Every structure is written in structure tokens, then in C-alpha cells.
Amino acid sequence: MPELSETAERSQSNTPLAMIMDDSDIDHQRFQELVASTDSLAILCHDNPDPDTLASALALEAIANEWEVPTVDIVYGGTVTHQQNRAMINVLDIELTPIDQVSLSDYGLVAFVDHGIPGQNNSAVEEMTPDIIIDHHPTDGLQGQFVDLRPAVGATATLLTRYLEIFSIELEERLATALLFALHRETLDFNRETTSTEHAAACVLHPHADHNIIEELTNSVFTPETISGIGDAIANREVRGSCLVSSLGWIRERDAVPQAADYLLQLEGVSTTIVYGIVDDNVHLSGRTSNSQLHIGNVMEETFDQVGSAGGHHDMAGGQVPLGFIGSVDDGDDVAIDLINQSMMARLFGALEGWTET
């Protein structure tokens with residue numbers, strides 16, 4: 001085990017990230033005591049993991065390996081359908097363990113990265129309490145032995161980049177590439193929810209990353225399912241004022257939902273989009289806005305949090321609600337889809353109109 005009191009104090013204070021990130025409220029000593037003393041660590045990504053949670057998990061794995069934790073597994077639930085996420089896993093050779101192949105209770109520690117509440121956007125049982133939480137999403141009621149929640153930061157990868165600095169973990173090329181790509185994706189190439197800390201983290205990562213791989217991942221092609229989903233979103237869109245709502249109907253790739261929401265936000269005269277699609281027994285939603293007067297995360301939370309899980313940031317949000325809150329439907333039933341669309345359109349436009357009028 002490393003010397004805790006000495007290692008945890010080495011903050012490399014002369015880096016761009018160290019100079020602007022306030023770590024004063026974070027007990028990194030406690031974090032190191034927990035991780036360095038365990039014999040096994042499960043790092044749980046959120047369901048259907050994206051680059052931010054994957055890169056953050058990879059960084060936490062590197063820290064645990066440096067401290068010689070005998071067993072470290074990166075665990076996930078759901079599926080990986082987004083073409084860039086699959087490419088990232090394959091190109092960077094990220095080893096993932098499906099959650100149905102392990103029992104989290106068998107590990108000495110369980111860490112959540114890029115999410116915080118058991119059972120919400122993850123496949124952990126609601127009754128468990130994670131030992132470690134590192135996240136940037138605004139969330140209430142987090143419980144754990146160590147919690148680092150900083151909504152003012154634009155990506156969890158930024159936080160983990162800082163951890164690597166604090167504990168003097170070498171930024172090898174694969175890890176730096178993963179973290180820098182995560183920053184690009186989470187901020188849409190530094191155009192969305194970007195803070196000065198993301199730019200500073202990028203400065204730290206840039207010299208160590210493989211930029212050819214980042215370009216390869218960025219240019220990963222759309223799958224046919226994603227293109228079809230975006231096409232359906234275009235065809236099914238309804239616009240009222242500057243707000244757009246659209247349905248993808250039944251889909252197999254849930255990642256088509258946020259991609260369609262991003263794409264439709266480029267439509268002239270539209271400043272807010274909410275797109276939804278049905279996967280199995282759930283309605284998945286993604287919201288985007290460029291309207292500075294509207295907090296899309298609050299809109300989604302107030303509209304759906306009582307029937308599912310929903311929320312997010314000022315200009316991007318997501319949610320998942322059980323199909324049963326609308327009624328019993330069968331896959332492929334056009335009448336049922338019409339009823340779902342009527343209900344969702346009314347609910348969403350009602351919520352958006354309430355916010356735009358205030």
C-alpha cells in the first residue's frame with residue numbers, strides 16, 4: 001500500500017487543471033484509504049455506457065492497479081449500441097463485465113462513476129449503497145463512504161483526470177486517449193456544457209493522447225438503425241413555436257434517441273428538442289435546448305421523475321419511464337403507437353409551454 005499521507009498531498013499544483021479546480025472540499029485522503037486497502041473493486045458504469053462513464057471507469061481502474069488492488073472489474077448494465085461507444089471499447093480494448101455475470105455484493109468496494117443513485121440509470125439494486133461515487137450530474141440524496149459530486153464541472157472525465165494528477169498516476173497513451181475522447185463527446189467538441197475545467201483537462205491530456213485514434217472514433221459511421229431512427233424523427237416531428245417533439249416509435253438502438261435530439265436541434269427556428277423511442281418495456285427520452293431561459297433537465301425531471309427516472313443539465317437531459325404508465329401495448333401495434341404519441345406529445349408540449357411561459 002502507498003504512503004497515504006504523502007501521496008494524497010501531491011497535487012501537481014502547477015498544471016492548468018490544478019490551478020483552476022477547487023479540490024478543497026474533497027477528502028482525497030479518504031478516497032485513497034478506501035481504494036488502497038480493498039482486495040476487490042467493482043467499478044459500475046451507468047447503463048448503456050457512454051465515453052464519459054467508460055473513460056472515467058478506465059481511469060479509476062488505473063488508480064486501483066497502481067495501488068495493487070488484486071481484483072478490479074469494470075461492470076455495466078444494458079447494451080452498447082452507439083457506434084462510437086462500441087468503437088471506443090474495441091479500439092482501446094476496454095474489458096467490460098456484464099452485471100448479470102457478477103454479484104456486486106462479492107466485492108470489497110463498489111464505485112459508481114458518472115452516476116450516483118442505485119437503480120437509476122444503472123442496474124444496481126435500489127437497496128444497495130455504493131462505497132464511492134464520482135459524478136458531475138446534479139443529483140440529490142447521494143450516499144456513500146466517499147462522494148465527489150461536482151455539477152459545476154462538465155464531465156466526470158475531468159474529475160478523474162484531476163485524480164490522476166493528485167495521485168501521480170502516469171498518463172499513458174491509451175488512458176489519455178480515452179479521457180480526451182470522452183471530453184469531446186460529453187461536450188460535443190467543447191460546444192455544450194463546457195467549463196474552463198474541461199479545457200484545462202484537455203490541455204493536460206492532449207500531449208499524451210493518440211489523436212489519430214480520436215479522429216477515427218469521431219468519424220465512426222452511423223449504423224443503419226441510427227440513420228433510420230433519425231429519419232423517423234425527422235418525419236414524425238411536431239413543432240410548436242421554437243419547441244420540437246418527435247417519436248422514433250419502437251427501436252432496437254436506444255442511442256438513436258439522443259443522436260436524433262442533437263440532430264434536430266440544428267433545425268432553423270428550433271431551440272428545444274425532445275425525442276423519445278420505445279425499447280422493450282420502456283420509453284427512453286432525450287432533451288436538448290439552446291434556450292438560455294429554459295432548464296431542460298428540470299423540465300424532464302418535473303414531467304417524468306414521479307413515474308420513472310429523468311433529469312439532467314441546463315441544456316441536455318434524459319429519462320426513462322416504464323411503458324405501463326401510458327397503458328398496456330403490444331410491439332408493432334400501430335394503434336397503440338398512436339395512443340402513446342398522443343399522450344407523450346400532450347405531456348411534453350404541456351411541460352415545455354409551462355416553462356417557456358414563466
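It should be noted that the structure appears before, not after, this text.
Only a predicted model underlies this, so the values are computations on that prediction, with no experimental measurement involved. (Residues numbered from 1 in each chain as written. Predicted model: local features only at pLDDT ≥ 70, side-chain atom pairs only at ≥ 80, totals over all residues. Heavy atoms only, no water.)

(A) Looking closely at the overall build of the chain. Within the chain, the regular secondary structure consists of 13 helices and 12 strands. C-alpha extents for the chain along the principal axes are approximately 65 × 40 × 40 Å. The burial tally for the chain puts 54% of its 358 residues in the buried class. Long-range pairs, those at least 24 residues apart, make up 65% of the contacts in the chain between residues at least 6 apart in sequence. Accessible surface for the chain amounts to roughly 15,500 Å². Of this, 44% is attributable to carbon and sulfur atoms. Across the chain, the 14 positively charged side chains and the 58 negatively charged ones have centroids separated by 5 Å. (Helix = DSSP H or I, 4+ residues; strand = E, 2+ residues; numbered from the N terminus. Buried < 20%, exposed > 50% of the residue type's maximum accessible area, 1.4 Å probe, protein only. Contact = heavy atoms within 4.5 Å. Areas by Shrake-Rupley, 256 points an atom, 1.4 Å probe, with all protein chains shown as cover. Lys, Arg positive; Asp, Glu negative; His and termini not counted. Charge placed at Lys NZ, Arg CZ, Asp CG, Glu CD.)

(B) Molecular detail of the sheet that holds strand S11 (residues 309–312). In spatial order, the strands read S7-S8-S9-S10-S12-S11; together these 6 strands make up an open sheet with mixed pairing. The strands lining the two open edges of the sheet, one partner per strand, are strand S7 (238–240) and S11. Each neighbouring strand pair of the sheet contributes to a mean axis angle of 15 degrees, computed without reference to strand direction. Sheet strands in contact with helix H12 (residues 296–304) are strand S9 (272–279), strand S10 (282–289), S11 and strand S12 (316–322), and its direction is about 165 degrees off that of S11. (Pairing = 2+ DSSP bridges. Axes fitted to C-alpha atoms, helices over the stretch in contact; angles between N-to-C directions.)

(C) The arrangement of the pattern of salt bridges in detail. Under the defined criterion, the tally for this structure stands at 9 salt bridges. The salt bridge involving Arg-240 is made with Glu-238; its shortest N-O contact spans 2.9 Å. On the basis of relative accessibility, which here comes to 38%, the residue Arg-240 falls in the partly exposed class. Overall, Glu-238 belongs to the partly exposed group, its relative accessible area being 30%. Within this structure, Asp-23, Asp-148, Arg-150, Arg-162 and Glu-165 form a network of salt bridges that share partners. (Salt bridge = Lys/Arg side-chain N within 4 Å of Asp/Glu carboxyl O.)

(D) Representation of the sheet that holds strand S5 (residues 132–135). In spatial order, the strands read S3-S2-S1-S4-S5-S6; together these 6 strands make up an open sheet with parallel pairing. What marks the edges here is a single partner per strand, and that holds for strand S3 (97–98) and strand S6 (146–149). Relative to S3, strand S2 (residues 71–76) runs parallel, the two sharing 2 bridges. Among the inter-strand pairings, Tyr-76 is bridged to a residue of S3, identified as Pro-98.

(E) Representation of the pairing of strand S8 (residues 243–250) in the model. Counting buried residues along S8, 7 of its 8 residues qualify, which places the element largely inside the surrounding structure. Relative to S8, S7 runs antiparallel, the two being bridged by 3 bridges. Bridged to Arg-240 within S8 is Cys-243. The antiparallel pairing of S7 with S8 creates a hairpin that spans 2 residues between the two strands, and Gly-241 there sits at a positive phi of about 65 degrees.

(F) The environment of Val-239, seen in detail. One can find Val-239 in strand S7. A residue is classified by how much of its surface remains accessible, and Val-239, at 39% relative accessible area, is partly exposed. A sequence separation of 30 residues divides Val-239 from Gly-269, and the C-alpha atoms of the two residues are 9.6 Å apart. Not counting residues up to four positions away in its chain, the partners in contact with Val-239 are Leu-244 and Val-270.

(G) Structural context of the environment of His-46. Structurally, the position occupied by His-46 is in the loop between strand S1 (40–44) and helix H4 (51–66). Other than its neighbours up to four places away in sequence, His-46 contacts Thr-53, Gly-77, Val-113, Asp-114, His-115, Asn-121 and Asn-122.

(H) Summary view of the packing of helix H6 (residues 156–166) against helix H7 (residues 173–186). Two elements in contact, H6 and H7, have axes whose closest approach is 9 Å; the angle formed by their N-to-C orientations is 150 degrees. The angle between H6 and H7 falls in the class roughly antiparallel. H6 and H7 meet at a crossing whose hand is left-handed. Of H7, the residues touching H6 (which contributes Ala-157, Thr-158, Thr-161 and Leu-164) are Leu-175, Leu-179, Ala-182 and Leu-183. (Parallel < 35°, antiparallel > 145°, perpendicular 65-115°, else oblique. Left-handed = near helix turned anticlockwise from the far one by under 90°.)

(I) Structural detail: the packing of helix H5 (residues 83–91) against helix H9 (residues 211–218). Between H5 and H9, the least distance of the axes is 9 Å, while the angle of their chain directions is 150 degrees. Relative to H9, the element H5 is oriented roughly antiparallel. Of the two elements, H5 crosses H9, and the hand of that crossing is right-handed. Here H5 contributes Gln-84, Ala-87, Met-88 and Val-91 to the contact with H9, which in turn contributes Ile-213, Glu-216, Leu-217 and Thr-218. Within the contact of H5 with H9, the residues separate by chemical class into 5 nonpolar, 2 polar and 1 charged. (Nonpolar A, V, L, I, M, F, W, Y, C, P; charged D, E, K, R; others polar.)

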